[in-house]
Amino acid sequence: MMDLALRGDDGPVALASVSERQKISLSYLEQLFGKLSRYSLVDSVRGAPDVAALATRDASRVCVMLWHYHDDDVPGPGAQVTLTVRGLPSGASLQLTRLQIDEEHGNATTAWKRLGSPGAPDEAQYAAMQRASALNPVDPVATLPGVDGTASIELTLPRQAVALLLLEPDSVPARVR
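This text gives an overview of the structure that appears in the document. It should be emphasised that the depicted structure is a prediction, and the values quoted were computed from it without experimental measurement.

1. Looking at the pairing of strand 3 (residues 79-86)
Residues Ala 79, Val 81, Leu 83 and Val 85 point to one face of strand 3 and are all buried, whereas Gln 80, Thr 82, Thr 84 and Arg 86, pointing to the other face, are not buried. Bridge count between strand 3 and strand 6 (residues 150-157): 8 bridges; the pairing is antiparallel. Counterpart to Ala 79 in the pairing with strand 6 is Leu 157.

2. Describing the pairing of strand 1 (residues 50-57)
For strand 1 and strand 2 (residues 62-69), the ladder comprises 8 bridges, and the chain directions are antiparallel. When the bridges of strand 2 are listed, Ala 52 appears paired with Trp 67. Linking two consecutive strands that pair antiparallel, namely strand 1 and strand 2, is a turn of 4 residues.

3. Looking at the nonpolar core
One finds Val 64, Leu 66, Leu 155, Leu 157, Leu 165 and Leu 167 to be the most contacted residues of the largest nonpolar core, which totals 19 residues. When residues no more than four places from it in sequence are discounted, the contact partners of Leu 165 are Val 62, Cys 63, Val 64, Leu 66, Leu 83, Leu 96, Thr 97, Arg 98 and Leu 155. Membership of the second largest hydrophobic core comes to 7 residues, among which are Leu 4, Leu 15, Leu 29 and Leu 36.

4. Thoughts on the sheet that holds strand 5 (residues 142-145)
In space, the 5 strands of this open sheet follow the order 1-2-7-4-5, with antiparallel pairing throughout. The sheet is open, and its two borders are formed by strand 1 and strand 5, each paired with just one other strand. The sheet shows a mean angle of 25° between the axes of neighbouring strands, taken without regard to direction. Inspection of the sheet shows strand 4 (residues 93-101) paired to strand 5 by 4 bridges, in the antiparallel sense. Looking at the pairing, Ser 93 lines up with Pro 145 of strand 5.

Conventions we followed
- Residues numbered from 1 in each chain as written.
- Predicted model: local features only at pLDDT ≥ 70, side-chain atom pairs only at ≥ 80, totals over all residues.
- Heavy atoms only, no water.
- Buried < 20%, exposed > 50% of the residue type's maximum accessible area, 1.4 Å probe, protein only.
- Helix = DSSP H or I, 4+ residues; strand = E, 2+ residues; numbered from the N terminus.
- Pairing = 2+ DSSP bridges.
- Core = buried A, V, L, I, M, F, W, Y, C linked by side-chain atoms within 4.5 Å.
- Contact = heavy atoms within 4.5 Å.
- Axes fitted to C-alpha atoms, helices over the stretch in contact; angles between N-to-C directions.

Set out below in structure tokens:
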């Protein structure tokens, strides 16, 4: 607890770093902190996933990074996310491009595991992992219609995923209906 008290003001403290500094088994610390977390003596994302976003906007586009992180790297449900962009010109629509890294997209580790986790990949295996790591759009580019200066999208973000949403003006203005 003293280690956390000394370092906790700088943000989250990884148990692995506490284990290394204090020369305590990581497995033991994980068991101990599970109990401390149940009694609300420490905070962790083990109980609830961290689903959040960071956005930036310039004159021509909006970029949003979304993530769905959990300390336990085990399968779990996706997070339902609704993204709303306000302040669009009247009748404007946006083109959405979604790039994502998760178990199935942009992930060389998944390909490596499917290849049998080779210690020394051959050329073909290396090429397969390079292809798997490519950051390609998850879905075809979509058009989000703007209504009253607002455009929204709902999506499911898989567990342990990070996505970059690129929202740019549609080349053809939306018609007001």
